[in-house]
Amino acid sequence: MAQAYGENLKQAMDTLRAHKMRSALTVFGVVLGVSVIMLVAALITGFDETIQENIKQFGADTAFISKWDQGFHGGDPPMEERQRKPLTLEDAKALIAGCPGLKNVTTFLQTGWMQVHTVRTKAGEVSAIDFRGVQANFGQVYANAATLAGRFISEGDDLHREKVVMLGENVAPVLFPGADAVGKDVMIDGTDFRVIGVVEKPKGGFGMGDEDRRVLIPFNTFKKTYPSADEINMRVQANPGMLDQAVDQVEEVLRRRRNVPYNGKDNFSIRTAAQEVEEFHNIMMMVYVATIVLSAIGLLIGGVGVMNIMLVSVTERTREIGVRKAIGAKRSDITWQFLLEAMTLTGSGGVIALVLVNGLVLLFRLALQWRGAVPVWAATAGVLVSVSVGLVFGVWPAMKAAKLDPVEALRYE
């Protein structure tokens, strides 16, 4: 039996080699459909690793608090959300006092997202910066705010509203090319500041556009310089192993302080790293489902093409089928001959897709400094699906060939 299958497979390969152009055109739809599945799987895998690492850079035991609802939602926020009162420093103090599960709380202040800020020196300028007023414990709560050079903002800087600034790792060399930024002056929106340190760029970024544009000044200095700014956000750090309890305690304290009625909707949001990763996975799952639907259309088109070509092949080889039957070939031999030919045709398309997608992924890795790769399950599934297309759409032509009458087939011209 194995020898018979081997002989049928050899004949199938000979047939494909004899009709190279026809085989290539026929398998195009299969290559396209399988390639899309593998490529999207590779992209999702790479993005997943990058996003998870970026999120964990904020601190796995931390949660972000804002008056705005977090997560993906298109369009402008609803009126109820825009009318919410801002968070305050008193809220942060109440959290420390009323939440035993918390280890630390830091607040930072920003202007509205539509206000663009610029930092400049005589040597360079950086606009669209991530500009914040932060407290001295910002670097303790945020795992991605390590000091690369100089020192971090101190409580004294904040208390006395000193005009000092920390620059992101990608901002400093633009403003001071080839020189140390610490101790030098910069101008932010027309106000002079003294550079006291440089913040290390977070790890795990993606692509060539991954830049650290952070510019940090003391919280009270920001409040004095921009008196209308009221976008106060917080990040809380829980004691080890107590993040869920801490989040529940924070919610209880803020609901009480912000007068949220019993069974009423929170007029603030709390978001942990785990929740952000889960939301990203949900979005990626929807993308992947849509991709599978589109790929299925390509595979269907490829399968119909394979079936048509196999029907043409049966017609062209009618006399050959008659000769094989005349010398003792069984129906099962003829059926497997054409099924293996169809499966070999579409399976070769899966292998071609695997080679092409791995080549594209390698280019992405080199050009974008990206860590994506085609998952083993996606490569295996892609090849198996391509072979299955040949099996499904090759049944009718194979059965038609097997049912041919040997006498009539030998008379066919």
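Notes on the structure in this doc start here. Note that this is a predicted model, so its numbers are computed, not measured.

## A look at unusual backbone geometry
Its identity is not glycine, yet Arg-161 carries a phi of approximately 55°, on the positive side. Among the structural elements, Arg-161 can be located in the loop between α6 (155–159) and β7 (164–168). Phi is positive for Asp-189, which is not a glycine, with a value near 50°.

## Let's talk about a nonpolar patch on the surface
Judged by side-chain polarity, Met-285, Val-289, Val-293, Leu-294, Ile-297 and Ile-301 come together as a nonpolar surface patch covering roughly 600 Å² of accessible area. Residue placement: Val-289 occurs in helix α10 (residues 273–316).

## Observations concerning the packing of aromatic side chains
Per the stated rule, a full pass over the model turns up eight aromatic pairs. Centre to centre, the rings of Phe-222 and Tyr-226 are 5.0 Å apart; their planes meet at 40°, and the pair counts as tilted. Each member of the pair, Phe-222 together with Tyr-226, is buried. In this structure, Arg-132 is placed above the aromatic ring of Phe-108, and the distance from its NZ or CZ to the ring centre is 4.6 Å.

## Quick notes on the nonpolar core
A general tendency of soluble globular proteins is for nonpolar side chains to be buried together. If you look at the biggest cluster of nonpolar residues, it comprises 45 residues, and the most contacted ones within it are Ile-65, Leu-95, Val-119, Val-165, Leu-167, Val-186 and Ile-188. Counting residues per element, this core draws most heavily on helix α9 (residues 243–257), at six residues. If we ignore the near neighbours within four places in the chain, the residues touching Val-186 are Val-119, Arg-120, Thr-121, Val-165, Leu-175, Phe-176, Thr-191, Asp-192, Phe-193 and Val-195. By size, the runner-up hydrophobic cluster in this structure holds 25 residues, among which are Val-30, Ile-44, Leu-299 and Leu-311.

## Structural notes on the side chain of Thr-111
Inspection of the secondary structure puts Thr-111 in the loop between β2 (102–110) and β3 (118–120). Here Thr-111 falls in the buried class, since its relative accessible area comes to 13%. A polar contact is formed between the side chain of Thr-111 and the side chain of His-117, at a distance of 2.7 Å. Setting aside anything within four residues of it in sequence, one finds Thr-111 in contact with His-117, Phe-222, Tyr-226, Ala-229 and Glu-231.

Cut-off values and rules
Residues numbered from 1 in each chain as written. Predicted model: local features only at pLDDT ≥ 70, side-chain atom pairs only at ≥ 80, totals over all residues. Heavy atoms only, no water. Helix = DSSP H or I, 4+ residues; strand = E, 2+ residues; numbered from the N terminus. Patch = residues over 30% accessible without salt bridge, like charges linked within 9 Å, V, L, I, M, F, W, Y side chains within 5 Å. Areas by Shrake-Rupley, 256 points an atom, 1.4 Å probe, with all protein chains shown as cover. Salt bridge = Lys/Arg side-chain N within 4 Å of Asp/Glu carboxyl O. Phe/Tyr/Trp six-rings, centres within 6.5 Å; stacked < 30°, edge-to-face > 60°. Buried < 20%, exposed > 50% of the residue type's maximum accessible area, 1.4 Å probe, protein only. Lys NZ or Arg CZ within 6 Å of the ring centre and 35° of its normal. Core = buried A, V, L, I, M, F, W, Y, C linked by side-chain atoms within 4.5 Å. Contact = heavy atoms within 4.5 Å. Polar contact = N/O pair within 3.5 Å; in protein donor to acceptor, adjacent residues only side chain to side chain.

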